[in-house]
Amino acid sequence: MGSRIRGWYRSTALGLCLITPCLIAPCLTALTPAAAQAQQAEGLRGLVSETDITSSIQSTAETGLPSPRYEPATPGPAEPAETENERSTRAPSTAVARERARTAQNDPTRPVQPPLDTVVTQGIPENEEENSGFERIERAEALNPRTGAIEGDFQATDENPYAPLGLRFGTFTVIPTLEQGLTWTSNADSSTNGSEAIVSQSTLRLNAVSDWARHAATVDAYGIYRKSVSGDEVSDIEGGIDGTLRFDLARDYTALASLGYSISPESASSPVIITGVEDRPLRHTIDGSLGLSKDFGKLRLSATGSVSRQQYGDATLIDGSTLSQDERNATLATLRLRTGYAISPALTPFIEGEFGRRFYDETQDSAGYERSATRLAARAGIMVDIEEKLSGEASIGWIAEDLDDERLDTVSGLALAAALNWSPQRGTNVRFDGSTTIEGTTDAGDSGSILYAGTLRLERQIRANLTAEAAAGLSWRDYMSGGHDLTMNGEAGMTWWLNRTLGLTGRARYEKRTSSLPGRDYDATSVFMGIRMQR
């Protein structure tokens, strides 16, 4: 009996082992038909994770259909989209799709792509013939070209797209400017009885600056030609050139040299009165100086010698004759010694002494006076250098010229001088210039006069291509024989640049002089319109 029972158990177990696979396989196939097809299409894929089996059983246990994918209430970071390479390497899931894939593979027009290395980096596999390290580097640079830094692609915009570029001459950069236009004036020759005229005016200016590593040089030149188109007859020429040179020597020594020349017709407002004149004489001026300075800690020492030569041409009278002006030709030589102390890098007070001699070409003038004189002057002032905000100097003192002829009084008076540049904000420049000049004369019994002149000039860059400027001037002439002249002038203008080379410019000017002497009052109004070209 026991042996029968054991045999029945064995046969039952054997039957269950044979029947169970047959029952389970159809069920799994019915539950997951897609998985079965995938198995047939792809073959065995290896072990299936327990999570996938559990999710499949749970989703089909209730409805018999795959459960929808879980979507969180709060969206998280997006998953990367399936790439074209991933879609191309996956086997098609249906017979139709497989047939389309085979047709696409056999299409001769399909571009051939190199196989990918799917094991490590999925890059193009290395050719066995390329065993050199240099070849691998070249291939890597070709596939992955180098890219410059982000800031390398940034190009700074031009600070002033309408500023002149200049021309290169050796080690100098030269900026030429040409201005051409018409001027209407109510007083063509700035005289008491002057009349209006329309004048053609041409102005050429050149500015040259060196770019040496050591030392520095600048050259400025200009030329102006005026010719009447209608009205009062005007025909004159004016020009000049001025050069400066700075030498940076050893042991904190600095040498400064300058040389200049100018020519212009003498103004009708000159203190020398020539009666019955048709054309006033041309005045030639030559200036030169040489100076040496030395810094001893905060102590500043300098010595400067200068020479100024004035020579006059003949005056043309109304009757057509000429009147020589040789007796007015003179040369002034001076020596200035200055001592300063830098109380800070921005402020340096100084004191200055000057000694000089004025030599006339003719010992006596036509009236029999000896006009050569000895000059003495003393000044105290301050030099300012606040980087780009304020720079220059200003001084006050006393100046005197004692003439050789005892019948003539000494010409003396307060000595004022200034040359200041101020930039309150970017694009705005303010300049103030002041000077004191002793003027000689050939009038019988008159020693001469002192001229005080000051000019305040404002320049403002409204836009990159629009510049405005304004100026106001005041001068006072004090005659040693008694009397004075007061001259006031004002000017305003604008320049609109069409491009970097060409611009339109215009300005208006008014000048008025009142004098305690008869026949010297006048006023003049002028308006200029023209074009300006630069390079």
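Source: prediction; values computed, not measured.

Scanning the chain from terminus to terminus reveals 6 helices and 22 strands. The proportion of buried residues among the 535 residues of the chain is 24%. For the chain, contacts bridging at least 24 residues in sequence account for 52% of all contacts bridging at least 6. Working note: accessible area of the chain is about 35200 Å², and carbon and sulfur atoms make up 59% of it.

What the rule picks out here adds up to 28 salt bridges. Across the salt bridge formed by Arg226 and Asp236, the nearest N and O atoms sit 3.1 Å from each other. Residue Arg226 is found in strand S4 (residues 216–231), and its partner Asp236 is found in strand S5 (residues 235–248); the two are separated by 10 residues along the sequence. For Asp236, a relative accessible area of 18% puts it in the buried group. A single salt-bridge network, built from bridges that share partners, covers Arg336, Arg338, Glu352, Glu354, Arg358, Arg375, Arg379, Glu393 and Glu401.

Applying the stated rule across the entire model yields 1 aromatic pair. Between Phe172 and Trp212, the aromatic rings sit 5.6 Å apart at their centres with planes inclined by 80°, giving edge-to-face as the arrangement. Taken together, the residues span a long stretch of sequence, with Phe172 in strand S2 (residues 172–185) and Trp212 in the loop between strand S3 (197–210) and S4 at a distance of 40 residues. Under the relative-accessibility criterion, Phe172 is labelled partly exposed at 21%. Under the relative-accessibility criterion, Trp212 is labelled partly exposed at 32%. In this arrangement the basic side chain of Lys294 is found over the ring face of Phe296, its NZ or CZ atom lying 5.1 Å from the centre. Positioned above the aromatic ring of Phe350 is the side chain of Arg338, whose terminal nitrogen or guanidinium carbon lies 3.8 Å from the ring centre.

What follows concerns empty space enclosed by the protein. Left-over empty space is what a probe sized like a water molecule reveals as it rolls over the atoms. This structure, assessed with the given rule, holds 3 cavities of 30 Å³ or more. Here the largest cavity defines a volume of roughly 90 Å³. Taken together, 13 residues line the largest cavity, and the ones lying closest to its centre are Tyr360, Glu401, Leu403, Gly440 and Ser447. Secondary-structure elements contributing two or more residues to the lining of the largest cavity are strand S13 (347–360), strand S15 (390–403) and strand S17 (428–439). The calculated volume of the second largest cavity comes to roughly 40 Å³. Along its surface, the second largest cavity is lined by Pro271, Glu439, Gly440, Thr441, Asp443, Asp446, Gly448, Ser449 and Tyr479. Looking at the lining of the second largest cavity, its residues break down into 2 nonpolar, 4 polar and 3 charged.

Moving on to the nonpolar core. Ranked by size, the top nonpolar core spans 10 residues in total: Tyr369, Ala373, Ala377, Ile399, Leu403, Leu408, Val411, Ala415, Ile438 and Ile450. Of all elements in the fold, only strand S14 (373–386), S15 and strand S16 (411–422) reach the threshold of two or more residues within this core. For Ala377, the contacting residues outside a window of four places in its chain are Glu352, Gly353, Glu354, Trp398 and Ile399.

With respect to the helices and strands, Asn429 occurs in strand S17. Under the relative-accessibility criterion, Asn429 is labelled partly exposed at 41%. The spatial distance from the C-alpha of Asn429 to the C-alpha of Glu459 is 5.2 Å, given a sequence separation of 30 residues. Every residue in contact with Asn429, bar those within four places of it in the chain, is listed here: Trp422, Ser423, Arg457, Leu458 and Glu459.

Bringing the side chain of Thr285 into the picture now. Position of Thr285 among the secondary structure elements: in strand S8 (residues 282–296). With a relative accessible area of 10%, Thr285 lands in the buried category. Contacts of Thr285, omitting those with residues within four sequence positions, involve Gly260, Tyr261, Ser262, Arg309 and Gln310.

Bringing unusual backbone geometry into the picture now. We note that His215 has phi near 70°; this positive angle belongs to a residue other than glycine. Within the secondary structure, His215 is located in the loop between S3 and S4.

With that out of the way, let us pick up the confidence of the model for the chain. Regions with low pLDDT should not have their predicted coordinates read in detail. Per-residue pLDDT for the chain averages 80, and the proportion of residues at 70 or more is 72%. Note on residues 1–5: pLDDT under 50 across the span, and 0 contacts to partners over four residues away in sequence or across chains. Here residues 73–89 is modelled with pLDDT under 50, and outside its nearest four sequence neighbours on either side it reaches 4 contacts, counting other chains as well.

Sheet topology places strand S18 (residues 449–463) next to strand S19 (residues 466–479); 14 bridges connect them, and they run antiparallel. Among the inter-strand pairings, Leu458 is bridged to a residue of S19, identified as Ala470. The turn joining S18 and S19, which pair antiparallel and follow one another in sequence, is formed by 2 residues. With 13 bridges joining them, S19 and strand S20 (residues 484–497) adopt antiparallel strand pairing. Bridged to Ala472 within S20 is Gly490. Count of turn residues in the S19/S20 antiparallel hairpin: 4 residues, of which Gly482 carries a positive phi of about 110°.

With respect to the helices, strands and loops of the structure, Pro281 is situated in the loop between strand S7 (277–279) and S8. C-alpha separation for the pair Pro281 and Glu266, spaced 15 residues apart in sequence, amounts to 5.9 Å. The residues contacting Pro281, other than those within four sequence positions of it, are Ser264, Pro265, Glu266, Ile274, Gly313, Asp314, Ala315, Gln325 and Arg328.

Criteria and cut-off values
Residues numbered from 1 in each chain as written. Predicted model: local features only at pLDDT ≥ 70, side-chain atom pairs only at ≥ 80, totals over all residues. Heavy atoms only, no water. Helix = DSSP H or I, 4+ residues; strand = E, 2+ residues; numbered from the N terminus. Buried < 20%, exposed > 50% of the residue type's maximum accessible area, 1.4 Å probe, protein only. Contact = heavy atoms within 4.5 Å. Areas by Shrake-Rupley, 256 points an atom, 1.4 Å probe, with all protein chains shown as cover. Salt bridge = Lys/Arg side-chain N within 4 Å of Asp/Glu carboxyl O. Phe/Tyr/Trp six-rings, centres within 6.5 Å; stacked < 30°, edge-to-face > 60°. Lys NZ or Arg CZ within 6 Å of the ring centre and 35° of its normal. 1 Å grid on protein atoms, 1.4 Å probe; cavity = no way out; pocket = protein on both sides within 12 Å on 5 of 7 lines; lining within 4 Å. Points joined across faces, edges and corners; volume = space filled by probe spheres on them. Nonpolar A, V, L, I, M, F, W, Y, C, P; charged D, E, K, R; others polar. Core = buried A, V, L, I, M, F, W, Y, C linked by side-chain atoms within 4.5 Å. pLDDT = per-residue confidence, 0-100. Pairing = 2+ DSSP bridges.

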